[in-house]
Amino acid sequence: MPRTIISDTSCFIILTNIGEFNLLEKIYGKVITTIEVATEFGETLPDWVEIKNAENKLVKELLEFQLDKGEASAIALALEIPDSTIILDDLRARKVAKHHRLKVTGTVGVIVKAKLIGIIPSIKPYLLKISQTDFRISKEIEKNALFEAGE
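Definitions and cut-offs
- Residues numbered from 1 in each chain as written.
- Predicted model: local features only at pLDDT ≥ 70, side-chain atom pairs only at ≥ 80, totals over all residues.
- Heavy atoms only, no water.
- Patch = residues over 30% accessible without salt bridge, like charges linked within 9 Å, V, L, I, M, F, W, Y side chains within 5 Å.
- Areas by Shrake-Rupley, 256 points an atom, 1.4 Å probe, with all protein chains shown as cover.
- Salt bridge = Lys/Arg side-chain N within 4 Å of Asp/Glu carboxyl O.
- Helix = DSSP H or I, 4+ residues; strand = E, 2+ residues; numbered from the N terminus.
- Buried < 20%, exposed > 50% of the residue type's maximum accessible area, 1.4 Å probe, protein only.
- Expected span 1.5 Å × (residues − 1).
- Polar contact = N/O pair within 3.5 Å; in protein donor to acceptor, adjacent residues only side chain to side chain.
- Pairing = 2+ DSSP bridges.
- Right-handed = clockwise from strand over helix to strand, strands pointing away.

A.B. asks: Mind showing me how you'd approach a nonpolar patch on the surface here?
C.D. replies: On the surface, a nonpolar cluster with roughly 370 Å² of combined accessible area is contributed by L58, L62 and F65. You can see L62 is positioned in helix α4 (residues 57-63). What makes L62 partly exposed here is its relative accessible area of 47%.

Next up, the structure:
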């Protein structure tokens, strides 16, 4: 069974801003998110994005003491779905998810995966497009991504 992919808002926003939202579907087929993330995103999500909420509201509420509602809801959901991967870009959210032993990637990791499985020929144009938005990628992350992508 393929790994379940859960996305936070930032990935949706970044990929939308660079005109590449459908990259998620090309890579994963289906992505799951929460109503909080969908509300933060603020646009209609396609059919291949399933909205599902964490059943344990207490865990979500506890996570909200550290994170925003979208990140907290996505992590709470990932805690309930074995063998899931969560897409998070916020450093604090990533640390919390890793503390709970969740598998984490970010939007740049999604783009690297697209290259590695042959969906895109190079990550450089995507990194360039991202650099033209208000989202910032550290030079270290960019260097590591280029290395992982074999570029």
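A.B. asks: So what exactly am I meant to see when it comes to unusual backbone geometry here?
C.D. replies: With the exception of glycine, most residues fall at negative phi, and the peptide bonds are largely trans. With phi around 60 degrees, D83 is a residue other than glycine that occupies positive phi space. Mapping D83 onto the fold places it in the loop between α5 (69-80) and β4 (84-87). A relative accessible area of 48% means that D83 is categorised as partly exposed. Not every positive phi belongs to a glycine, and R101 is a case in point at roughly 65 degrees. Looking at the secondary structure, you find R101 in the loop between α6 (91-99) and β5 (103-105). The class of R101 is exposed, set by a relative accessible area of 77%.

A.B. asks: Can you walk me through α5 in this structure?
C.D. replies: Note that an α-helix has 3.6 residues per turn; residues three or four places apart therefore point the same way. Taking 1.5 Å of rise per residue, twelve residues should cover 16 Å, and α5 covers 17 Å from first to last C-alpha, within 8% of that figure. By the criterion of burial, α5 is predominantly enclosed, with nine of the twelve residues buried. Residues G70, E71, A72, S73, A74, I75, A76, L77 and A78 constitute the buried set of α5. Sitting at the head of α5, D68 places a side-chain oxygen 3.0 Å from the backbone nitrogen of G70.

A.B. asks: Please clarify how the pairing of β4 should be interpreted in this entry.
C.D. replies: Along a regular strand, successive side chains alternate from one face of the sheet to the other. Burial along β4 is two-sided: the face carrying S84 and I86 and the face carrying T85 and I87 are both buried. Sheet analysis places strand β1 (residues 4-7) next to β4, joined by four bridges and oriented parallel. Each bridged residue has a counterpart across the sheet, and for T4 the counterpart in β4 is S84. Since β4 and β5 lie parallel, the crossover through α6 that links them has a hand, and here it is right-handed.

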